Amino acid sequence: MSTTAPATVPAHGPQEIQDAGHVEVLIVGAGVSGIGAAHHLRDQFPDRTFVILDAQDNRGGTWWTHRYPGVRSDSDLFTYGYRFKPWRGPSIAAGEEILAYLDEVIDEDDLSQCIRYRHRVTAASWSTEDRRWTVAVTMGDSGQQLRFTTGFLWMCQGYYNHDKPYRPRWDGTDRFEGVIVHPQQWPEDLDLAGKRIVVIGSGATAATLIPAIAATAKHVTMLQRSPSYFYAPPATHELAVTLRALDIPEEWTHEILRRQYISQTDLLARTAQEAPEELHTLLIESMRPLLPEAFDVDKHFTPRYRPWQQRIAIVPDGDLFAALRDGTASIVTDTIETFTEHGIKVSSGEQITADIVITATGFNMSVLGDVAFTVDGQPVDFTERVTWRGIMINGLPNMAYVFGYIRHSWTLRVDLVSDLVGRLLAHMQDKGATMVVPTLRPQDTDMPLRAWSDPENFNPGYVMRSQHILFKQGDRQPWTHMLEHEQEREILPAADLDDGTLVYR
């Protein structure tokens, strides 16, 4: 199948908008979510035309833009991989292995002809009269303005702002004589050999970077304001080794390990809610024997929050702890007072010498790719909208988005969301409807609006910094989100598409 949108568009003057064609479904984002959505769309509706637009110059989303040393998954690949595509590697995989896996999906589904790279979506305008979205696109290599139209818009762009990572402002950075780097903007020519390096941060990026560079650098210091939870599973699951030794078909191994990891994460998620002190003790005590003797666990590895109020950082085979044991890395838990010419001075007065400072301080979120939405000429203020099952937004017709899980693997939800969107598209077809819009029922109009994320449930810095720009949720289904996979794998397949919260025309 081919789309009606041309693969290439001739260059025109900067003010001229080139018509790029119409497709039945337009997918924004060629990362894990967009590739997964495209697979399901092609599988369920082989005759529907679609195109995938991505602002980057290649596929993979985060796995393409994040190129710092050691970049890897922080979820197991048996669940981070798609349910339809067996994962054949180790449980925790490097970024290039994940890209190779995505390449296989693209090749097997013949998706390359449908992907347009360097196509940045800047605006999306819905017309009820025309029953279509008009999508404005800027070509990244030429600045050419394009115009696509589509009957259904599927936002799969993720939640990172890939262009503007988060970096706090610190005093004295202008007088620091070394190099300051954010992992999201990693320079290809950065030489770490023999350098004294400070990594600011204690999350998944820091936990990944430090063991990857410790053997090359003169020394690496992890400078953290407060500790995070860490978990050190084996990089390769023992059960996977056993099954592969028995020459079990990869499809069986994938499904068995997938169920094993889902069950394990279900248990941990329930324990985090029902017995957080028990999980806290489990995580702390599992780290203790992997750390140097007499290490101050209370100071450096005891967080101030409950387990899984923020993501638990995965350190496969305890590689971060190994770097601490052999002395190539160390931890300082303190706040930054100022940068100096040759490093960082912390509040205790300690001076940390550095040639390179890596600010693993996180990222900024964007709302649906920071695309400017309008509906029938009226700008959409997302802070006044609520989610419908974490898949659609009230008042926005023919638009779905993908947001994965915060505790289970992201991709588990990609598959579930794709199933529901497919069911919705089929339901519209059966009804003869050309428009569907989530709409608050009379009993929902006075519903209390809650923040995008309840801080008691999930409160990492990147979410708390972004609450003011994000859409809301209600106090009842289907106007809530951030449910656990254990709940949604029952709820979403059974969701009633005629319960009055979706209006068809």
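Please refer to the structure placed before this passage.
A few points on the structure.

Rules behind the numbers
- Residues numbered from 1 in each chain as written.
- Predicted model: local features only at pLDDT ≥ 70, side-chain atom pairs only at ≥ 80, totals over all residues.
- Heavy atoms only, no water.
- Pairing = 2+ DSSP bridges.
- Helix = DSSP H or I, 4+ residues; strand = E, 2+ residues; numbered from the N terminus.
- Axes fitted to C-alpha atoms, helices over the stretch in contact; angles between N-to-C directions.
- Buried < 20%, exposed > 50% of the residue type's maximum accessible area, 1.4 Å probe, protein only.
- Parallel < 35°, antiparallel > 145°, perpendicular 65-115°, else oblique.
- Contact = heavy atoms within 4.5 Å.
- Nonpolar A, V, L, I, M, F, W, Y, C, P; charged D, E, K, R; others polar.
- Core = buried A, V, L, I, M, F, W, Y, C linked by side-chain atoms within 4.5 Å.
- Phe/Tyr/Trp six-rings, centres within 6.5 Å; stacked < 30°, edge-to-face > 60°.
- Lys NZ or Arg CZ within 6 Å of the ring centre and 35° of its normal.

**Topic: the sheet that holds strand β9 (residues 219–224)**
Here five strands make up an open sheet; going across it, the order is β7-β16-β8-β9-β12 and the pairing parallel. The two strands at the open ends of the sheet, each matched to only one other strand, are β7 (179–181) and β12 (329–333). Neighbour-to-neighbour, the strand axes of the sheet open up by a mean angle of 20°, direction not taken into account. Relative to strand β16 (residues 356–359), strand β8 (residues 196–200) runs parallel, the two sharing four bridges. Of the residues in β16, the one forming a bridge with Val-198 is Val-357.

**With respect to unusual backbone geometry**
Cis geometry marks the peptide bond from Gln-477 to Pro-478, where omega comes out at 5°. Within the element layout of this structure, Pro-478 appears in the loop between α12 (461–464) and α13 (485–491). At Asp-247, a position not held by glycine, the phi torsion is positive, near 60°. For Asp-247, the location among the structural elements is in the loop between α6 (238–245) and α7 (250–274). Here Asp-247 falls in the exposed class, since its relative accessible area comes to 67%.

**A word on the packing of α7 against helix α8 (residues 276–287)**
The interhelical angle for the contact between α7 and α8, taken along N-to-C directions, is 120°, at an axis separation of 5 Å. Considering their axes alone, α7 and α8 lie oblique with respect to each other. Side by side, α7 and α8 meet where Leu-268, Thr-271, Ala-272, Gln-273 and Glu-274 of the first sit next to Pro-276, Glu-278 and Leu-279 of the second. Of the residues belonging to the contact of α7 with α8, the class tally is four nonpolar, two polar and two charged.

**Brief notes about the sheet that holds strand β15 (residues 351–353)**
The strands making up a sheet associate through hydrogen bonds between their backbones, and the pairing can be parallel or antiparallel. With antiparallel pairing, the three strands of this open sheet are ordered in space as β13-β14-β15. Every interior strand has two partners, whereas the edge strands, β13 (336–340) and β15, have only one. Strand-to-strand, the axes of this sheet are offset by a mean angle of 20°, without reference to chain direction. Taken together, the four bridges between β13 and strand β14 (residues 343–346) define a ladder with antiparallel strand orientation.

**Remarks on the nonpolar core**
If you look at the biggest cluster of nonpolar residues, it comprises 147 residues, and the most contacted ones within it are Ile-27, Leu-153, Trp-154, Phe-373 and Met-399. Considering every element that reaches this core, the biggest residue donor is helix α11 (residues 410–431), with 10 residues. Core analysis: the second largest hydrophobic core is formed by 12 residues, Phe-339, Ile-352, Ala-354 and Val-357 among them.

**A short note on the packing of aromatic side chains**
Per the stated rule, a full pass over the model turns up 26 aromatic pairs. Seen from their ring centres, Trp-87 and Tyr-101 are 5.3 Å apart, and the 65° between their planes marks the pair as edge-to-face. Taken together, the residues Trp-87 in the loop between α3 (77–80) and α4 (95–108) and Tyr-101 in helix α4 connect sequence positions 14 residues apart. In this structure Tyr-101 comes out as buried when scored by relative accessible area, which is 5%. Between Trp-170 and Phe-339, the ring centres sit 5.7 Å apart and the planes meet at 35°, which makes this aromatic pair tilted. Highlighted residues: Trp-170 in the loop between β6 (145–155) and β7 and Phe-339 in strand β13, separated in sequence by 169 residues. Residue class for Trp-170 comes out buried when judged on its relative accessible area of 17%. Clustering of aromatic rings is evident, with ring pairs tying together Tyr-159, Tyr-160, Phe-363, Phe-403, Trp-410, Trp-452, Phe-458 and Tyr-462. Here the guanidinium or amino end of Arg-48 rests over the ring plane of Phe-45, the centre of that ring lying 4.4 Å away.

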